[in-house]
Protein chains: 4
Amino acid sequence: MGIQERKEREKGRRRQQIMIAAKRVFSLKGFNKATMEDIANEAELSPGTLYLYFKNKDELCASLSLRILQYLNIKLKHVNSEKDLEPRQKIKALKEAMYNVYEFDPLILINMFHLQSSESLKNLSPQLVSDIRELSNNSIKEMADIFEEGIKKNVFIDKKPVALAETLWALFSGAVLREESKRVIKNDKNYLKLTLEGDFEIFARGIKK
Amino acid sequence: MGIQERKEREKGRRRQQIMIAAKRVFSLKGFNKATMEDIANEAELSPGTLYLYFKNKDELCASLSLRILQYLNIKLKHVNSEKDLEPRQKIKALKEAMYNVYEFDPLILINMFHLQSSESLKNLSPQLVSDIRELSNNSIKEMADIFEEGIKKNVFIDKKPVALAETLWALFSGAVLREESKRVIKNDKNYLKLTLEGDFEIFARGIKK
Amino acid sequence: MGIQERKEREKGRRRQQIMIAAKRVFSLKGFNKATMEDIANEAELSPGTLYLYFKNKDELCASLSLRILQYLNIKLKHVNSEKDLEPRQKIKALKEAMYNVYEFDPLILINMFHLQSSESLKNLSPQLVSDIRELSNNSIKEMADIFEEGIKKNVFIDKKPVALAETLWALFSGAVLREESKRVIKNDKNYLKLTLEGDFEIFARGIKK
Amino acid sequence: MGIQERKEREKGRRRQQIMIAAKRVFSLKGFNKATMEDIANEAELSPGTLYLYFKNKDELCASLSLRILQYLNIKLKHVNSEKDLEPRQKIKALKEAMYNVYEFDPLILINMFHLQSSESLKNLSPQLVSDIRELSNNSIKEMADIFEEGIKKNVFIDKKPVALAETLWALFSGAVLREESKRVIKNDKNYLKLTLEGDFEIFARGIKK
DNA sequence: TATGAATGAGCATTCATTCAT
DNA sequence: CATGAATGAATGCTCATTCAT
């Protein structure tokens, strides 16, 4: 029984090890130029081993996206659970949560958009697809709850909470992508915090009464 | 000379023909699943012919991005050149310009982010890379000019115009990507116009005095 | 038009070239140990070229089987069309036809039995599968016609012609396989003709009145 | 010593267990599509354990063939040992023995022909190869003995007994294969007994005076 | 003895690119 | 200029086999 458990945990650790390696390699080479062999080398494992833990390359990539969505979800739930925070403070907490997600792995966010290709979806197990869908929807919902509270308390202007949440999400992913494109154009990451700050400030100004 | 010119124009036409086909195929299959043969078929040309007009696949893709940036640039220049527009009206015109870009080709915008992979950049001619850089910077600059004018005329709050322009760009690309990810999650495009509207409204509210 | 035709013929030639190489390699190494690269080398082509002419390895193998069935079918049709032959003479002609098939390609007959694996069938185009089925059934039917004529003319004992045809086919494929297994055990092919003769003699003795 | 013996017997049991599982899996998937892991699962053992009892996959397969040859040999010896049977009755007994072999495992007979691939032979231990050879030859010899007796007693026509035995073997393996190919073509096993009967009847008619 | 996770060589297949016509 | 057949390097994935426990 204890043995069973330890094995489960060991298996989880291996998956983590592979995902960390994959993250590094995807970040470095991009999803398509990264080969399974690259990832195996990075993880100091053999290619075959990767397939013991992930059905195929697409599923490995999608699992990375799932991981970051889980991370975000926990953060958002935590913000929402703090009952004595003012709406404005919650917006601030929200901002910080999203910072953390971004810092946790800025580049993998880009890779999340590989999920969009319906071609890739064919290779994923239905379970994984539905998990990702559920978490995405949940994240929007958690954010919307924050806005709803603010509107009820008459602190935010009267907008559909879901629309607000989606706008924030747009702002966020847009900022992430902008940073990414900066890399190409300027190779200069200095303004990241500054510009993310700017985005949120303007956004908050737009929703607050 | 006249012949020379006609040939040049003819060559330009062919390039257009190929890029239109490429756009269609990339939209349909995504950049990576689209093969050069697919594009050749779509263009009713042979694969070999594509290489008479584009050095390689990456360059064909980058040329598409360049094209859309050119389109955006022209639109932005046009907005800026209308001297009698009020700042608030220019924001509105800006919004419409970006709509048009989006409608011109929503999916190719996603593909623009393939340029981020530094691996891909190796395959591009320096000329093309510098063209893209120049146009990107120019677009930001054009937008910044609009904001600067608004700040000077004391209509917009006092923010760095460049930061504003980048925020708008974030908002925009974020909205595009969000629409894209909606496709996966909901397969429902009804809210596109609505949410883009929402984004811009909030953004404008944030910058206007 | 002439060009179109010549190209068609050229394409057919290429297919032949590949099939001849495949036959050689399959004979030498067996179906599973033979790699597509082996076949490409033997055909003095590159691996990719093989896939221009055959969908996959299974289809290449099945095409070989189809070819030999076509050969057999023509031979059988020819025997049947000779109107003035006595039934006993037709049996003799039948024997010789089957000799020829055997000599045409003794080893590929073995490979025909790879088609039995229902797993392999999944990789074949429906057209090819139905072609093979049709030719197999046709071969049995042609043989049965010969027997039917003999029974009608009161030269052969009264047995179901189809059963006779299938028995002959059993005898034939059994002999082929037996020769094959001899290779393992004795590596001695001297008795081939003799034993095939023996089989047919006994068979013929059994069916003749 | 008693312990030694028990261990030996235990070891034999394990081998049987594995071979039974292998037979099931080979029958289901065919030799090449069946993986060692499939067999291990079927045997409710781990893959590694298989290699404690069989040197490699080819040897496991060959051992199955050996087993069926042993079974046939015992049957044939038994027929031959019945001194008071008439030659015609012995032919009948022979027929039944071969039925039993067929029913014991129709599909594994097909797999026997994998031994033909000279590539596979390289992986077998010389001992196993020579065992198989010996048993094959022995089976032919046992059958030949039956025919020889019939010829001596002037009941059968005067043919080389070995040739007769080999013809019978051809007929038999042919019938087996024919049934197999029927599966592909008709998916209809109803006629098995009937056609095997037919084969033997014609064969017997051919050899009897 | 039994395990089963890990291996890594091997292979079918793809596709960007070339070049003889 | 245009073609499209041919290329062959590259890669995802498999699976027989091993070995530390």
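Being a predicted model, the structure only gives us computed values, none of them experimental.

(A) A look at the overall build of chain A. For chain A, the count of helices and strands is 10 helices and 0 strands. A total of 209 residues make up chain A; the buried ones form 53% of that total. Within chain A, counting contacts between residues at least 6 apart in sequence, those at least 24 apart form 71% of the total.

(B) A look at the packing of helix H4 (residues 57–81) of chain D against helix H8 (residues 126–152) of chain D. All names here are of chain D. At a closest axis distance of 9 Å, the pairing of H4 and H8 adopts a crossing angle of 25°. Compared by their axis directions, H4 and H8 come out roughly parallel. Crossing handedness for the pair H4 and H8: left-handed. Contact residues: Glu59, Ala62, Ser63, Leu66, Leu69, Gln70, Leu72, Asn73, Leu76, Lys77, Val79 and Asn80 in H4; Leu128, Asp131, Ile132, Leu135, Ser136, Asn138, Ser139, Glu142, Met143, Asp145 and Ile146 in H8. Taken together, the residues that form the contact of H4 with H8 break down as 11 nonpolar, 7 polar and 5 charged.

(C) The protein's contact with DNA strand E, seen in detail. Of all residues adjacent to DNA strand E, which total 29 residues, the nearest are Arg14 and Tyr53 of chain A together with Arg14, Thr49 and Tyr53 of chain D. The sugar and phosphate moieties of DNA strand E supply 66% of its atoms located within 4 Å of the protein. Residue Thr49 of chain A places a side-chain N or O atom 2.6 Å away from a phosphate oxygen belonging to DNA strand E. If you list the elements that add at least two residues to the surface near DNA strand E, you get helix H3 (47–53) of chain A, helix H3 (47–53) of chain B, helix H3 (47–53) of chain C together with helix H3 (47–53) of chain D. With 5 residues, H3 of chain D is the largest single contributor of residues to the surface near DNA strand E. For the surface near DNA strand E, the residue count by class is 13 nonpolar, 12 polar and 4 charged.

(D) Molecular detail of helix H8 (residues 126–152) of chain B. End to end, H8 of chain B covers 38 Å across 27 residues, agreeing with the expected 39 Å (1.5 Å per residue, within 8%). With its phi angle positive at about 65°, Asn154 of chain B sits one or two positions after the end of H8 of chain B.

(E) Spatial organisation of the side chain of Asn73 of chain A. Residue and element names in this part refer to chain A. Note that Asn73 resides in helix H4 (residues 57–81). Reaching out from Asn73, the side chain makes a polar contact with the side chain of Ser139 at a distance of 2.6 Å. For Asn73, the residues in contact, after removing those within four places along its chain, are Leu135, Asn138 and Ser139.

(F) Region of interest: the packing of aromatic side chains. Residues and elements named next belong to chain C. Counted by the stated rule, this structure contains 2 aromatic pairs over all chains. Ring geometry for Phe147 and Phe156: centres 6.2 Å apart, planes at 55°, overall tilted. For the pair formed by Phe147 and Phe156, the shared burial category is buried.

(G) Layout of the pattern of salt bridges. For the coordinates displayed, the defined rule picks out 27 salt bridges over all chains. The shortest N-O distance in the salt bridge between Asp145 of chain A and Lys141 of chain A comes to 3.6 Å. With a gap of 4 residues between them, Asp145 of chain A and Lys141 of chain A both fall in helix H8 (residues 126–152), about one helical turn apart. Notably, a salt bridge pairs Glu149 of chain C with Lys153 of chain C, separated by 3.0 Å at the nearest N-O pair. Judged by its relative accessible area of 46%, Lys153 of chain C is partly exposed. By sharing partners, the salt bridges in this structure join Lys90, Glu149 and Lys153 of chain A into a single network.

(H) A look at the protein's contact with DNA strand F. DNA strand F sits among 30 residues. The nearest are Arg14 and Tyr53 of chain B together with Arg14, Thr49 and Tyr53 of chain C. Among the atoms of DNA strand F lying within 4 Å of the protein, the sugar-phosphate backbone contributes 67%. Interatomic distance of 2.6 Å between a side-chain N/O atom of Thr49 of chain B and a phosphate oxygen of DNA strand F. One nitrogen or oxygen atom from the side chain of Tyr51 of chain D is found 2.9 Å from a phosphate oxygen belonging to DNA strand F. Among the elements of the structure, H3 of chain A, H3 of chain B, H3 of chain C together with H3 of chain D are those that each provide at least two residues to the surface near DNA strand F. Of the residues contributing to the surface near DNA strand F, the split by class is 14 nonpolar, 12 polar and 4 charged.

(I) Region of interest: the environment of Gly48 of chain C. Relative to the assigned elements, Gly48 of chain C resides in helix H3. Under the relative-accessibility criterion, Gly48 of chain C is labelled partly exposed at 46%.

Rules used throughout
Residues numbered from 1 in each chain as written. Chains lettered and ligands numbered in written order. Predicted model: local features only at pLDDT ≥ 70, side-chain atom pairs only at ≥ 80, totals over all residues. Heavy atoms only, no water. Helix = DSSP H or I, 4+ residues; strand = E, 2+ residues; numbered from the N terminus. Buried < 20%, exposed > 50% of the residue type's maximum accessible area, 1.4 Å probe, protein only. Contact = heavy atoms within 4.5 Å. Axes fitted to C-alpha atoms, helices over the stretch in contact; angles between N-to-C directions. Parallel < 35°, antiparallel > 145°, perpendicular 65-115°, else oblique. Left-handed = near helix turned anticlockwise from the far one by under 90°. Nonpolar A, V, L, I, M, F, W, Y, C, P; charged D, E, K, R; others polar. Near = heavy atom within 4 Å. Polar contact = N/O pair within 3.5 Å; in protein donor to acceptor, adjacent residues only side chain to side chain. Expected span 1.5 Å × (residues − 1). Phe/Tyr/Trp six-rings, centres within 6.5 Å; stacked < 30°, edge-to-face > 60°. Salt bridge = Lys/Arg side-chain N within 4 Å of Asp/Glu carboxyl O.

Remember that the coordinates give geometry; whether it matters functionally is a separate question.
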